[in-house]
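# Coordinate analysis (summary)
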Amino acid sequence: MYARREYCINCHLCEVYCVAAHSKSRDVWKAFKREGLRGTHRLRVEERRPESLPVHCRHCDEPQCVQGCISGAMVKDPETGIVYCHEDKCVGCWTCVASCPYGAVRPGYRNGRPVALKCDLCRDLLEPACVAHCPNRALVYEGGTT
Amino acid sequence: MRYVIIGNSVAAINACQGIRELDKEGPITIVSAEKYYAYGRPLISYWLEGKTGEDKMPYLPPDFYTRHNINVLLGRKALRIHWERQEVELDDGSRLPYDRLLIATGGKAIVPPLEGLQEEDYVTFLNYDDARRLAELAHPGKEAVILGAGPSGLKAMESLVSRGLKVTMVELAPRIWSPVLDTEAATLVTSFLREKGVRVILEDTILGGSRKEGGKLKLNLKSGKELEAGLLVVAIGVRPNVELLEQAPGVTLKRGVVVDEYLNVGLPGVFAAGDVVDGNPPLLPHAAAQGRLAGRNMAGAREKYKGSLPYNALGFLGLHIISMGITNCEPGQGYEILVQKEENERVYRKLVLQNNRLIGALFINRLERAGLYRWLIEEKIDVLPFKDKLLQDDFGFLDLPPALWEARLKE
């Protein structure tokens, strides 16, 4: 997965659909208005107008967030290569936030608990929601984990 | 190839993973003095205050060991190593032959001389058994004294405060967590602690004490003060646990065991990783990185350990700190220091530069993208072109020349 920043129009829809894809309802309106998930997006769009740049987890071969995790919550799936966080195991120490050289792990809250928020490539879906909903195809997913 | 690993914490299990990257079959035996499957040591404070459960303590899923042909001997101590025969002698009299050995025995809690006090009068705060002992002793309303206001003392403090104890911290240095916090940061954190009802005593230490009738402890401080406590926690740090290596031929012991760049201790096939290693910061990410590389090298790789600067994330009672590299320097010591403060929010962000390279960063209560700064430090990137942007709230790649990041984001 990578971003073509010349096509990014700074609409932040990737963040919106990221939140929805990681909600119970998987519905934008419900995720924001009923489930209280505003702000829990896992990728982030940097802004320096007129420039904008979506930044995701790179699912590193030797992920420093996994190496630094104190609970064993952060893992790299040996089969798919996806780096993701077992949110029920995460205790919110934020070592991963300090570890990631892309600044791609966010300190967040969900369901009343502190949890590390990071891209899991929507591992339950066919295609990451940010890619599927990018209106200008600025986000490109070619399978695999980078 | 037979692998034996002495120790069963983060360095040890990362070594197992490292071995299995290259050798899927060679039997691995882990000798664990503790009776628990590997858990992240820093989790004990979260367990003690009920923020994580017993079922979530294990670092790895239970089937990890069976899937990878790893035999874990729980509650078994290695007594000595017969270097010439390449055997580890265990406390049940049995011997384990090895072709490759990893010393991952970690650290031991440092306890200063405490005149008049016995081992049962205090609790250290390093492992799961310490936390379990505290769970039995830490009742609401009790008065606890913690010796040491570094990271583990502060985490012990959080657990005890959240369990309803009245906590006093005693610290020998003129400020709390002095290797990381400068005067201003320490003052900010100390005033936060005092607001939360924690008593902080600086430039003082506990010399000894006695058990009074009724079970309370009377503690004598260096200043002549006396403290009364229902519970004493000693958390002044760890020292490498090198006991098994004391008689080893060709092995150099300083504070910890000296290793070469491949993490070999100077004997064929014998490696060390984690807190036992001399000069390795006693921090979990560093133990994990060393363990992984030691494991690979045990299985035949020849990779050099590059190491990284110490970094740490520490949160207590709702305040969060991330530190990396050199952070406790004061103005006038020859470094360039950039600071951003928001007093109402207790936000403090400090960057330390030398020759336009970032060498340290400290973040209190605003941590977003802290890792980006660690990358700038580790890669020794010249920050001159974007120095004025470094402490902007939404600092990111777009503030940096694209040559630094564009290709990395497309890899």
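Residues numbered from 1 in each chain as written. Chains lettered and ligands numbered in written order. Predicted model: local features only at pLDDT ≥ 70, side-chain atom pairs only at ≥ 80, totals over all residues. Heavy atoms only, no water.

Moving on: the interface of chain B and chain A. Taken together, the contact pairs 43 residues of chain B with 40 residues of chain A. Both faces combined, the contact of chain B with chain A buries some 3500 Å², and carbon together with sulfur accounts for 52% of it. The tally of links from chain B across to chain A stands at seven salt bridges. A salt bridge links Arg44 of chain A to Glu368 of chain B; its shortest N-O distance comes to 2.6 Å. Our count for the contact surface shared by chain B and chain A stands at 20 residue pairs in polar contact (both at pLDDT 80 or more). Elements with a contribution of two residues or more to the side of chain B that touches chain A: helix H2 (43-48), helix H7 (284-298), strand S19 (311-316), strand S20 (319-325) and helix H8 (370-378) of chain B. (Contact = heavy atoms within 4.5 Å. Buried area = accessible area lost by both parts, 1.4 Å probe. Salt bridge = Lys/Arg side-chain N within 4 Å of Asp/Glu carboxyl O. Polar contact = N/O pair within 3.5 Å; in protein donor to acceptor, adjacent residues only side chain to side chain. Helix = DSSP H or I, 4+ residues; strand = E, 2+ residues; numbered from the N terminus.)

The next thing to look at is unusual backbone geometry. The peptide bond linking Arg49 of chain A to Pro50 of chain A adopts the cis configuration, its omega dihedral lying at 5 degrees. Mapped onto the elements, Pro50 of chain A comes out in the loop between strand S2 (44-48) and strand S3 (51-55). With a phi close to 55 degrees, Asn69 of chain B is a non-glycine residue in the positive phi region. Along the chain, the position of Asn69 of chain B falls in the loop between helix H3 (63-67) and strand S3 (70-74). Here the phi dihedral of Asn355 of chain B falls at roughly 50 degrees; this positive angle occurs in a residue that is not glycine. A relative accessible area of 68% places Asn355 of chain B in the exposed class. (Buried < 20%, exposed > 50% of the residue type's maximum accessible area, 1.4 Å probe, protein only.)

Here we come to the sheet that holds strand S10 (residues 143-147) of chain B. Here five strands make up an open sheet; going across it, the order is S9-S16-S10-S11-S12 (chain B) and the pairing parallel. Edge positions in the open sheet fall to strand S9 (123-124) and strand S12 (199-202) of chain B, since each of these has one partner strand only. (Pairing = 2+ DSSP bridges.)

Residues and elements named next belong to chain B. Within strand S11 (residues 166-171), five of the six residues are buried, which leaves it mostly tucked inside the rest of the structure. In this sheet, S11 lies alongside S10 in parallel orientation, the contact comprising five bridges. Residue Val145 lies in a different strand from S11, and its bridge partner there is Thr168. In this view, the connection linking S11 to its parallel neighbour S12 by way of helix H6 (residues 183-195) has right-handed handedness. (Right-handed = clockwise from strand over helix to strand, strands pointing away.)

By size, the foremost hydrophobic cluster in this structure holds 80 residues, and its most contacted members are Met157, Leu181, Val189, Leu193 and Phe316 of chain B. The leading source of residues in this core is helix H1 (residues 10-22) of chain B, at seven residues. With sequence-adjacent residues up to four places away left out, Leu193 of chain B is seen in contact with Leu154, Met157, Met169, Ile176, Val198, Val200, Phe316 and Leu317 of chain B. By size, the runner-up hydrophobic cluster in this structure holds 66 residues, among which are Tyr84 of chain A together with Met324, Leu353 and Phe397 of chain B. (Core = buried A, V, L, I, M, F, W, Y, C linked by side-chain atoms within 4.5 Å.)

Turning next to the domain arrangement of chain B. Residues and elements named next belong to chain B. Taken as a whole, chain B is organised into domain 1 (3-107 + 239-298), domain 2 (119-234) and domain 3 (318-410). Look at where the C-alpha atoms of domain 2 and domain 3 centre, and you get two points 32 Å apart. Tallying the contact residues gives 15 residues for domain 2 and 13 residues for domain 3. Between domain 2 and domain 3 the total buried area reaches about 1200 Å² when both faces are included, carbon and sulfur atoms providing 55% of it. Ranking the residues of domain 2 by area buried against domain 3 places Asp182, Leu188 and Phe192 at the top, with a combined share of 39%. For the pair domain 2 and domain 3, the interface holds three salt bridges. Glu195 is the salt-bridge partner of Arg346, the closest N and O atoms lying 2.7 Å from each other. On inspection of domain 2 and its partner domain 3, the count reaches eight residue pairs in polar contact (both at pLDDT 80 or more). Residues of the side of domain 2 that touches domain 3, tallied by class, amount to eight nonpolar, three polar and four charged. (Domains from an automatic or database assignment. Nonpolar A, V, L, I, M, F, W, Y, C, P; charged D, E, K, R; others polar.)

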